[in-house]
Amino acid sequence: MSQIQSAQSNLSEIQAQALKKFKEAASSKALYELKVEYLGKSGKLTEVMKEMASLPKEEKPLFGKIVNEVKVALEKAYEVRESELKAKELSEKLAAEEIDLTLPGVERFRGAEHPVSKVIHEISSIMARLGYSLRLGPLIEKDYYNFEALNIPADHPARDMQDTFFVDKAHVLRTHTSPIQIHSLETEKPPLRIMGVGAVFRCDSDISHLPHFHQIEGMCVDRKVSMADLKGTISFFVKEYFGSQLKTRFRPSFFPFTEPSAEVDCTCPICLGKGCSMCKQSGWIEIGGCGLINPRVLEHAGVKYPEWQGFAFGFGIERMAIIKYGVDDIRLFPENDTRFLRQFES
Ligand code: PHE
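Residues numbered from 1 in each chain as written. Predicted model: local features only at pLDDT ≥ 70, side-chain atom pairs only at ≥ 80, totals over all residues. Heavy atoms only, no water.

A. Spotlight on the pattern of salt bridges. Applying the stated rule across the entire model yields 17 salt bridges. Between Glu37 and Lys44 there is a salt bridge, with the nearest N and O atoms lying 3.3 Å from each other. With a shortest N-O distance of 3.6 Å, Lys65 and Glu69 are connected by a salt bridge. Of the two residues, Lys65 and Glu69 are both situated in helix H4 (residues 60-96); the distance of four residues between them amounts to about one turn of the helix. A relative accessible area of 52% means that Lys65 is categorised as exposed. (Salt bridge = Lys/Arg side-chain N within 4 Å of Asp/Glu carboxyl O. Helix = DSSP H or I, 4+ residues; strand = E, 2+ residues; numbered from the N terminus. Buried < 20%, exposed > 50% of the residue type's maximum accessible area, 1.4 Å probe, protein only.)

Structural data, given as structure tokens:
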């Protein structure tokens, strides 16, 4: 057998062997290793090529042609098998990663409006229907706005009604939202219908008192304003907020900035007047204070009386939430325990 014939049979054996192995390759990785083994730089085909050096010159082209044919055939077979394996691997991967869309998702607590904010929004939207709009004010107040301008002069016993946190001699953490009335009277022109709202501070803490709580208070200043207007406004509010069957009553009281003044009670929304632990068996529950704005307060703020007259009323927001939702400890509000807050999700 001539040298070229033996090389030829050697090559066809390599080709048959490679084609068989390509077919049997189980993965594209295994196939690639076979490609290196046969077609790589130090692969079997390259080995055979080396024989070319020892061939007579005239046989070289034929030999080259044969080797090249084998190379092309193997490369082609590699590509075909590679695309088969890649397709198979892709579909296996997709099957393994398939998402079951019918499985329920992981439930997440998205958070909800805090009950204090909820009460503020509910009350202010009821009062908006009567023309009241919201006003804020500073948390640190001049003594003047928190007391003096509200007809509570220094050394007046009424200062003891509220246990005050003093910042310095002339400033306090506001003890009520009533200073907002003064800011409004000083900067806005009557007629006025405003709701002052926000945090207030008193040195007090037990099951029904917090040192940091919230109030909302209404003020109406107009040409002719009477107790009847005040009673009508609060009765409307109580029916809208707690329920249409609820009644409102006024008990005489005292605030330096209103005259006459009253404490506001409404039918206990929990027992509807029958008597329960929330209303201490009385059937009535106290919701706030009110009165006609003391003319001294109006004049002090530069609003002419009796040309302009007014009424004001104030509610504790946590107290409203306690009554509306039957909460038994006011300290739950600032704790922000999600087990408590979740109950107010709407
Ligand atoms: N500011 C009073 C308080 O905090 C409540 C109040 C407001 C009373 C408006 C009358 C009018 O006790």
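Picking up where we left off.
B. Just the sheet that holds strand S7 (residues 248-255), in detail. As summarised here, the arrangement of the seven strands in space is S1-S5-S6-S10-S9-S8-S7, forming an open sheet in which the pairing is mixed. Looking at strand neighbours, the two that pair on one side only are strand S1 (133-135) and S7, the edges of this open sheet. Strand-to-strand twist across the sheet, computed as the mean angle between neighbouring axes with direction ignored, equals 25°. Relative to strand S9 (residues 284-293), strand S8 (residues 258-267) is paired through eight bridges, and the arrangement is antiparallel. The residue of S9 that forms the bridge with Glu263 is Gly289. (Pairing = 2+ DSSP bridges. Axes fitted to C-alpha atoms, helices over the stretch in contact; angles between N-to-C directions.)

C. Just the environment of Ala26, in detail. Take Ala26: it is sitting in the loop between helix H1 (3-24) and helix H2 (28-39). On a C-alpha basis, the gap between Ala26 and Leu85 in space is 7.6 Å, while along the polypeptide they are 59 residues apart. Setting aside residues no more than four positions away along its own chain, Ala26 makes contact with Leu85 and Lys88. (Contact = heavy atoms within 4.5 Å.)

D. Geometry of the site of the ligand. Taken together, 15 residues surround the ligand, and among them His176, Ser178, Arg202, Gln215 and Phe257 come closest. Between an oxygen atom of the ligand and a side-chain N or O atom of Arg202, the distance comes to 2.9 Å. Protein chains bury 91% of the 320 Å² of accessible surface belonging to the ligand in isolation. Tallying contributions element by element places strand S10 (residues 309-316) first for the shell around the ligand, with three residues. Classifying every residue of the shell around the ligand gives five nonpolar, eight polar and two charged. (Near = heavy atom within 4 Å. Polar contact = N/O pair within 3.5 Å; in protein donor to acceptor, adjacent residues only side chain to side chain. Areas by Shrake-Rupley, 256 points an atom, 1.4 Å probe, with all protein chains shown as cover. Nonpolar A, V, L, I, M, F, W, Y, C, P; charged D, E, K, R; others polar.)

E. Geometry of the pairing of S8. Burial of S8 is extensive: eight of the 10 residues sit out of reach of the surface. As paired strands, S7 and S8 are joined by seven bridges and run antiparallel to one another. From the neighbouring strand, Arg249 faces S8, where its bridge partner is Asp265. What sits between S7 and S8 in their antiparallel hairpin is a turn of two residues.

F. Highlighting the packing of helix H8 (residues 227-242) against helix H10 (residues 317-325). Relative to each other, H8 and H10 sit at 50°, their axes nearing to 11 Å. In terms of their interaxial angle, H8 and H10 are classed as oblique. Side by side, H8 and H10 meet where Phe237, Tyr241 and Phe242 of the first sit next to Met320, Ile323 and Lys324 of the second. Here the residues of the contact of H8 with H10 sort into five nonpolar, no polar and one charged. (Parallel < 35°, antiparallel > 145°, perpendicular 65-115°, else oblique.)

G. View of the nonpolar core. The biggest cluster of nonpolar side chains holds 47 residues, and the ones touching the most others in it are Ile123, Phe237, Phe242, Ile287, Phe313 and Met320. Judged by nonpolar contacts, the second largest core, of 23 residues, contains Leu150, Ile182, Leu192 and Phe255. (Core = buried A, V, L, I, M, F, W, Y, C linked by side-chain atoms within 4.5 Å.)

H. Region of the structure containing H4. Its 37 residues give H4 an end-to-end C-alpha distance of 53 Å, which sits within 8% of 54 Å, the value for a rise of 1.5 Å per residue. For H4, the complete set of buried residues consists of Phe63, Ile66, Val67, Val70, Leu74, Ala77, Tyr78, Arg81 and Leu85. Of the surrounding elements, those touching the buried residues of H4 are H1, H2 and helix H3 (44-49). (Expected span 1.5 Å × (residues − 1).)

I. Seen up close, the state of the cysteines. Here the structure, examined in full by the defined rule, presents zero disulfides. Residue Cys279 stays outside any disulfide, its sulfur separated by 3.7 Å from that of Cys271, the closest cysteine. Free cysteine: Cys290, not disulfide-bonded; nearest cysteine sulfur from Cys266 at 13 Å. Classification of Cys290 by relative accessible area gives buried; the value is 2%. (Disulfide = S-S within 2.5 Å.)

J. Quick peek at H10. Taken together, the buried positions of H10 are occupied by Ile317, Glu318, Met320, Ala321, Ile322 and Ile323. Directly beyond the C-terminal end of H10, a positive phi value near 65° is found at Gly326.

K. Quick look at the packing of helix H5 (residues 115-128) against H8. Where H5 meets H8, the closest approach of the two axes is 10 Å, and the angle between their N-to-C directions is 130°. By the angle between their directions, the pair H5 and H8 is classed as oblique. Considering the relative orientation of H5 and H8, their crossing is right-handed. Along its contact with H5, which presents Val119, Glu122, Ile123, Ile126 and Met127, the element H8 presents Thr233, Phe236, Phe237, Glu240 and Tyr241. Here the residues of the contact of H5 with H8 sort into seven nonpolar, one polar and two charged. (Left-handed = near helix turned anticlockwise from the far one by under 90°.)

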